[in-house]
Amino acid sequence: MRKTTTTAVTALLTGALFLTGCGGDSEEKAGPRQPDSSIAPASSSLTTDLALPVEAYIFSEAEIAQLTRAMSSLAVDCMKEAGFTYRPDSSQAPDIGVMDRRYGIANSHTAQTYGYHFPDPPTGQDGTADPLSEAASVTLAGKPLADGSFDPGGGCIGKAKKRLAGSVDGFGPDEVARTLNLSSYARSQKDPRVLAAFRDWSSCMKAKGYRYDSPMDAIDDPAFAGKKADQKEISTARADVECKKKTGLIRAWFDVETELQRTEIEKDPEPFARIERHKTDQLKRAAAELGESG
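Residues numbered from 1 in each chain as written. Predicted model: local features only at pLDDT ≥ 70, side-chain atom pairs only at ≥ 80, totals over all residues. Heavy atoms only, no water.

A.B. asks: Just checking my understanding: could you explain the overall build of the protein for this structure?
C.D. replies: The secondary structure content of the protein amounts to 13 helices and 0 strands. Overall, the protein shows an N-to-C arrangement of helices and strands of α-α-α-α-α-α-α-α-α-α-α-α-α. Here the protein holds 294 residues, and the buried ones make up 44% of them. Within the structure as shown, the protein displays about 15000 Å² of accessible surface, and the carbon and sulfur contribution to it stands at 53%. (Helix = DSSP H or I, 4+ residues; strand = E, 2+ residues; numbered from the N terminus. Buried < 20%, exposed > 50% of the residue type's maximum accessible area, 1.4 Å probe, protein only. Areas by Shrake-Rupley, 256 points an atom, 1.4 Å probe, with all protein chains shown as cover.)

The structure is reproduced here in structure tokens:
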């Protein structure tokens with residue numbers, strides 16, 4: 001599977017796939033190491049110990065998975081009470097860290113194996129749920145709205161979300177935190193320090209025989225739009241990671257975005273404190289529903 005810069009980053013930054021429901025200074029604050037895996041070993045990543053300030057207020061992939069499991073469990077019980085058998089989609093996202101793709105590909109192992117494509121989901125996950133009758137679909141997600149979309153508060157999914165949210169606040173990531181997560185990324189790309197890092201990276205790539213102005217241009221190269229990565233794509237991706245390491249692009253970009261995020265949070269800290277509390281409360285409820293310690 002391959003995604004262009006816009007779609008990949010948006011999905012990773014917002015947790016968009018999860019939200020549908022139906023299917024100190026930067027050097028002093030290092031994030032927790034990403035769990036090692038055969039798909040994307042932490043030892044091969046340039047972002048392993050990096051954690052942006054906004055990560056305290058949004059949900060990691062592991063936290064998204066926990067909320068999703070709890071939501072699905074509640075929906076299964078709700079559907080059973082209504083007389084329907086519901087088996088949620090059991091597919092899983094590839095086992096990679098969000099930071100590993102925020103600034104383009106940053107893991108030498110995935111570059112060597114998959115090029116710019118995302119790793120395949122773990123084996124044994126078919127990515128499909130059992131088809132539902134119209135009546136069961138309405139029970140699960142509520143009646144479709146006028147525009148054809150589903151009411152996020154409707155049906156068994158809506159009930160599950162409300163139970164996990166536990167208040168009038170919304171389910172999952174808060175919009176303020178999600179907006180900051182996206183806006184800081186967009187703003188950072190226009191910062192002179194990041195643009196200078198792009199030029200250094202571009203010069204490094206040119207010396208290796210590749211002509212791209214930015215890492216996003218490399219990812220979005222139409223030549224890499226096939227279903228699988230070919231040798232040209234893999235070679236380009238490997239050079240991409242090597243040049244990021246040589247020029248320090250990842251660290252430069254991370255430091256700029258950290259500064260942007262911290263400035264916004266410090267302007268009005270109380271909403272972010274509330275967001276962090278709500279996030280913690282949702283995860284506690286999810287853990288309780290799943291019988292996990294939390």
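Following the structure, the description resumes.
A.B. asks: Would you mind going over the state of the cysteines with me for this structure?
C.D. replies: Covalent bonding between the sulfur atoms of two cysteines defines a disulfide. Tallying each qualifying case throughout the model produces 2 disulfides. Residue Cys78 pairs covalently with Cys156 via a disulfide, S to S 2.1 Å. A torsion of -70° about the S-S bond marks the disulfide between Cys78 and Cys156 as left-handed. Of this pair, Cys78 sits in helix 3 (residues 61-81) while Cys156 sits in helix 7 (residues 155-165), and the two are 78 residues apart along the sequence. Considered together, Cys78 and Cys156 belong to a single accessibility category, that of buried residues. When the bonded cysteines of the protein are counted from the start of the sequence, the pairing works out to 1-2, 3-4. (Disulfide = S-S within 2.5 Å.)

A.B. asks: When you look at the side chain of Ser188 in this model, what are you seeing that I'm missing?
C.D. replies: Tracing the chain through its elements places Ser188 in helix 8 (residues 175-188). In this structure, Ser188 is in contact with Val194, Trp253, Val256, Glu257 and Leu260, ignoring residues within four places of it in sequence. (Contact = heavy atoms within 4.5 Å.)

A.B. asks: Got a minute to help me understand the packing of helix 8 against helix 12 (residues 249-267) in this structure?
C.D. replies: Packed helix pairs are specified by the crossing angle of their axes together with the interaxial distance, meaning the distance between the axes. Between helix 8 and helix 12, the shortest axis-to-axis distance is 9 Å and the interhelical angle comes to 130°. The angle between helix 8 and helix 12 falls in the class oblique. Handedness of the crossing formed by helix 8 with helix 12: right-handed. Of the residues in helix 12, those touching helix 8 at Leu180, Asn181, Ser184, Tyr185, Arg187 and Ser188 are Trp253, Val256, Glu257, Leu260, Gln261, Glu264 and Ile265. Its residues assigned to classes, the contact of helix 8 with helix 12 shows 6 nonpolar, 4 polar and 3 charged. (Axes fitted to C-alpha atoms, helices over the stretch in contact; angles between N-to-C directions. Parallel < 35°, antiparallel > 145°, perpendicular 65-115°, else oblique. Left-handed = near helix turned anticlockwise from the far one by under 90°. Nonpolar A, V, L, I, M, F, W, Y, C, P; charged D, E, K, R; others polar.)

That is the geometry; function is a separate question.
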